[in-house]
Amino acid sequence: MTIEIKNLTKIYGEQKALDNVSLSIGEGEIVGLLGPNGAGKSTMMKIITCFIPPTQGEVKVCGYDIFNEPMKVRSSIGYLPEQNPLYLEMYVREFLTFVAGIHNIDNKVKKERVDMMIEKVGLTKEVNKKIGMLSKGYRQRVGIAQAMIHNPKVLILDEPTTGLDPNQLVEIRELVKQLGQEKTVLLSTHIMQEVEAVCKRVIIINNGRLVADDSIEHLAKGQSLETIFRKITIE
Ligand code: ADP
């Protein structure tokens with residue numbers, strides 16, 4: 001299994017953000033993590049990526065434990081956080097070279113790797129601009145490129161299409177689908193159509209609890225995912 005989560009609980013003060021969640025994700029899957037705002041999606045992603053520790057439970061990524069081998073976990077994962085943090089004053093290539101440096105990518109292959117990412121995410125035409133001059137869609141592409149620069153096996157994307165216009169939305173979804181041919185992808189969203197368009201499997205959490213984990217076909221059984229989602233998350 002590429003991601004294994006057992007009995008994961010996170011409590012912030014009085015707030016239980018995750019409540020005894022267990023799941024596993026195999027190599028090459030593209031999984032949609034769905035849930036209303038405040039369900040615990042970002043919390044789960046921050047724990048998997050070693051940004052915050054859980055209160056209880058076990059998480060392994062590519063066989064590495066988040067407590068015992070956090071550096072190996074981090075190098076196995078490319079993470080695009082919800083608020084895509086970018087240096088707006090930097091140029092696209094300059095920023096990606098900087099991130100490649102953080103990952104200790106060898107100087108001999110750094111330029112080649114940066115060029116490969118620029119091409120892969122469709123940034124070639126924008127490469128000479130400062131990040132602050134880019135549209136939101138292109139900034140998301142920079143965010144995805146920085147997440148993939150060290151060639152991780154797993155991509156964790158926290159609401160990658162929020163705030164995009166309809167064309168950019170389709171483009172980023174296509175990009176994620178394409179990346180999913182080579183990587184294991186966990187993508188959070190609250191947009192059902194996104195999951196239907198990109199993922200084969202859906203995990204739904206509500207109030208910190210796992211309420212569904214199934215293939216979209218099997219879960220929806222001919223109904224729209226939106227109908228199922230409403231039923232599950234209102235109950
Ligand atoms: P989602 O990503 O599904 O919107 P989050 O994981 O961001 O949900 O939040 C889950 C719950 O935990 C929410 O009730 C949120 O207010 C709470 N929460 C998230 N981060 C913190 C924090 N740092 N301190 C206290 N409560 C938090």
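Predicted model, so just to flag it, every value in this text is computed and none were measured.

Q: Lay out a nonpolar patch on the surface in plain terms, naming residues and giving numbers.
A: On the surface, Tyr87, Phe98 and Ile102 cluster together to form a nonpolar patch covering roughly 320 Å² of accessible area. Within the element layout of this structure, tyrosine 87 appears in the loop between strand 6 (77-80) and helix 3 (92-102).

Q: So what's going on with the pattern of salt bridges? Residues and values would help.
A: All chains considered together, the criterion is met by 14 salt bridges. Note that aspartate 19 and arginine 209 form a salt bridge whose closest N and O atoms lie 3.0 Å from each other. Pair noted here: aspartate 19 is in strand 2 (residues 15-25) and arginine 209 is in strand 10 (residues 209-215), with a separation of 190 residues, a long-range link. Using a relative accessible area of 17% as the deciding quantity, one classes aspartate 19 as buried. Of the charged contacts, one joins glutamate 171 and arginine 141 as a salt bridge, the two residues approaching to 2.6 Å between their closest N and O atoms. Taken together, the residues glutamate 171 in helix 6 (residues 166-179) and arginine 141 in helix 5 (residues 136-148) connect sequence positions 30 residues apart. On the basis of relative accessibility, which here comes to 38%, the residue glutamate 171 falls in the partly exposed class.

Q: Describe the site of the ligand, listing the residues and the values that go with them.
A: With respect to spatial proximity, the complete set of residues near the ligand consists of Tyr12, Gln15, Ala17, Pro36, Asn37, Gly38, Ala39, Gly40, Lys41, Ser42 and Thr43. Within the backbone of glycine 40, a nitrogen or oxygen atom sits 3.0 Å from an oxygen atom of the ligand. The separation between an oxygen atom of the ligand and a polar side-chain atom of threonine 43 is 2.6 Å. Mapped by element, the contributors of at least two residues to the shell around the ligand are strand 2 and helix 1 (41-48). Ranked by residues supplied to the shell around the ligand, first place goes to helix 1 with three residues. Its residues placed into classes, the shell around the ligand shows four nonpolar, six polar and one charged.

Q: How would you sum up unusual backbone geometry? Please name residues and give values.
A: You will see that cysteine 62, though not glycine, has its phi angle at about 50 degrees, which is positive. Tracing the backbone through its elements, the reader meets cysteine 62 in the loop between strand 4 (56-61) and strand 5 (64-65). Taking relative accessible area as the criterion, cysteine 62 reaches 23% and is therefore assigned partly exposed. In this structure, asparagine 207 is a non-glycine residue whose phi angle is positive, near 50 degrees.

Q: Can you tell me about the sheet that holds strand 9 (residues 201-206), naming the residues and giving the values?
A: Pairing within the open sheet is mixed, and its six strands lie in the order 6-7-8-3-9-10. Strands with a single pairing partner mark the edges of an open sheet, and in this sheet they are strand 6 and strand 10. Ignoring strand direction, the axes of neighbouring strands in this sheet form an average angle of 15 degrees. As paired elements, strand 7 (residues 154-158) and strand 8 (residues 184-189) share five bridges and run parallel to each other. What sits directly across from leucine 155, in strand 8, is valine 185.

Q: Please set out the sheet that holds strand 1 (residues 3-12) residue by residue, giving values where relevant.
A: Reading across from one edge, 2-1-4-5 is the order of the four strands in this open sheet, with antiparallel pairing throughout. Edge positions in the sheet fall to strand 2 and strand 5, since each of these pairs with one other strand and no more. In this sheet, strand 4 lies alongside strand 1 in antiparallel orientation, the contact comprising five bridges. By the bridge assignment, isoleucine 3 is partnered in strand 4 with valine 61.

Rules behind the numbers
Residues numbered from 1 in each chain as written. Predicted model: local features only at pLDDT ≥ 70, side-chain atom pairs only at ≥ 80, totals over all residues. Heavy atoms only, no water. Patch = residues over 30% accessible without salt bridge, like charges linked within 9 Å, V, L, I, M, F, W, Y side chains within 5 Å. Areas by Shrake-Rupley, 256 points an atom, 1.4 Å probe, with all protein chains shown as cover. Salt bridge = Lys/Arg side-chain N within 4 Å of Asp/Glu carboxyl O. Helix = DSSP H or I, 4+ residues; strand = E, 2+ residues; numbered from the N terminus. Buried < 20%, exposed > 50% of the residue type's maximum accessible area, 1.4 Å probe, protein only. Near = heavy atom within 4 Å. Polar contact = N/O pair within 3.5 Å; in protein donor to acceptor, adjacent residues only side chain to side chain. Nonpolar A, V, L, I, M, F, W, Y, C, P; charged D, E, K, R; others polar. Pairing = 2+ DSSP bridges. Axes fitted to C-alpha atoms, helices over the stretch in contact; angles between N-to-C directions.

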